[in-house]
Amino acid sequence: MLIKEYRICMPLTTEEYRVGQLYTISKHSHQESEKGEGVEVVKNEPHEDPVHGPGQFTEKRVHLSSKLPSWARAVTPRIFYITEKAWNYYPYTITEYTCSFLPKFSIYIETKYEDNCGDSENIFRSDKILGDHEVSFLDIAFDEIPERYYRSLEDPRFFSSAKTGRGPLREGWRQHTKPIMCSYKLVSVKFEVWGLQTRVEQFVIRDILLIGHRQAFAWVDEWCGMTMEEVRCYERETQEATNELIGLVAPTISVSEVGQPTATHSAPASAPSTPLSDEAPDFLAPPKTRPRKKSAPETLTLPALRERASAE
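Residues numbered from 1 in each chain as written. Predicted model: local features only at pLDDT ≥ 70, side-chain atom pairs only at ≥ 80, totals over all residues. Heavy atoms only, no water.

The chain is annotated in an unreviewed UniProt entry as Cytoplasmic phosphatidylinositol transfer protein 1 of Anhinga rufa. Under the UniProt heading Sequence similarities (unreviewed entry), the note attached to the chain is "Belongs to the PtdIns transfer protein family. PI transfer class IIB subfamily." (UniProt positions renumbered as here; feature names shortened; annotations may be inferred.)

Structural data, given as structure tokens:
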């Protein structure tokens, strides 16, 4: 078991990001889906936890064989999926990932959101964390992402919000930007396949976290001002459209508010961990610098769900 903490700052408040996070996840899932592949939503329902209180539970299956890099396709079957289970007790969340054909593969993420620039120490006060773990700051504006995911309209160095007046983000923006919040993510990874740990950390964790948080800010003018009721409605409609897009025939997904809990079982306890040695393993090595594609197409595909809802 290897543990790493990521801290990702955003020019938002935690209350704003509560809506922005739901909107971004739904829209991104829809954009990345096509016939036969994409994000299948299995469950999305209220959940009551004896410790964390009311929340929302979601279960998804991510079908992405053709979207994997070549090194991953070489070791995976043609048909497989990643199962994502998430318990949302905002501003605290738990997310688990497992693989349909790798029983010894799992990723467990605890997230806490705070209105600060990432300077809270030991925010995950847990007896299960033995010894020190590496802390890595991810900069949504200046850290590199794979060029195939780059969109200039989603680049925080150039994006300026018409509704909020925030952006573009300049060097050192975390020290002087207001408002500011931070996503603290404690990631535990178990992947007993020799030689692939570094690539899993790079492709599955670091890049996905960077891309998701960049999009949440770049799409702020789309979700800013939405109520929780409105974003839940958008989430439901997008999930149904996405399931239909990837070729699944399923009953209508029920997305309810957390004030009406239907489940009472507990979320999983924190994943067990082992102390890290003084010398960081390859898994914790910083990613190699990759050039950013400057001539990426300036396109942004938007689901027409809100227009459809207005027409109805």
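Visitor: Kindly report on the sheet that holds strand S8 (residues 181-191), identifying the contributing residues and their values.
Guide: With mixed pairing, the eight strands of this open sheet are ordered in space as S2-S3-S4-S5-S6-S8-S1-S7. For this open sheet the edge positions go to strand S2 (38-49) and strand S7 (134-138), each flanked by a neighbour on one side alone. Strand-to-strand twist across the sheet, computed as the mean angle between neighbouring axes with direction ignored, equals 20 degrees. Looking at chain direction, strand S3 (residues 53-63) and strand S4 (residues 82-89) are connected through seven bridges and run antiparallel. Residue pairing for S4: glutamine 56 is matched across the bridge by asparagine 88. Strands strand S1 (2-10), S2, S3, S4, strand S6 (105-114) and S8 of the sheet are contacted by helix H1 (residues 14-31), whose axis makes an angle of about 145 degrees with S6. With respect to the sheet, helix H6 (residues 228-245) is in contact with S2 and S3, its orientation differing from that of S2 by roughly 145 degrees. (Pairing = 2+ DSSP bridges. Helix = DSSP H or I, 4+ residues; strand = E, 2+ residues; numbered from the N terminus. Axes fitted to C-alpha atoms, helices over the stretch in contact; angles between N-to-C directions. Contact = heavy atoms within 4.5 Å.)

Visitor: Can you tell me about the nonpolar core, naming the residues and giving the values?
Guide: Counting 50 residues, the largest nonpolar core has Met10, Tyr17 and Trp223 as its most contacted members. Elements with a minimum of two residues in this core: S1, H1, S6, S8, helix H4 (197-218), helix H5 (220-223) and H6. Counting six residues, the second largest nonpolar core, distinct from the first, contains Trp87, Tyr89, Ile94 and Tyr108. (Core = buried A, V, L, I, M, F, W, Y, C linked by side-chain atoms within 4.5 Å. Buried < 20%, exposed > 50% of the residue type's maximum accessible area, 1.4 Å probe, protein only.)

Visitor: With reference to specific residues and values, describe the packing of aromatic side chains.
Guide: Taken as a whole, this structure holds five aromatic pairs when the rule is applied. Summarising the aromatic geometry, the rings of tyrosine 90 and tyrosine 113 are spaced 4.9 Å apart at their centres and angled 25 degrees between planes, so their arrangement reads as stacked. Placement of the pair is tyrosine 90 in the loop between S4 and strand S5 (92-99) and tyrosine 113 in strand S6, with a sequence separation of 23 residues. Of the residues examined, tyrosine 90 reaches a relative accessible area of 14% and is grouped as buried. For tyrosine 113, a relative accessible area of 5% translates into the label buried. Chaining the aromatic ring pairs together yields one cluster made of Tyr17, Tyr90 and Tyr113. One cation-aromatic arrangement involves lysine 27 over tryptophan 219; the distance from NZ or CZ to the ring centre is 3.9 Å. (Phe/Tyr/Trp six-rings, centres within 6.5 Å; stacked < 30°, edge-to-face > 60°. Lys NZ or Arg CZ within 6 Å of the ring centre and 35° of its normal.)

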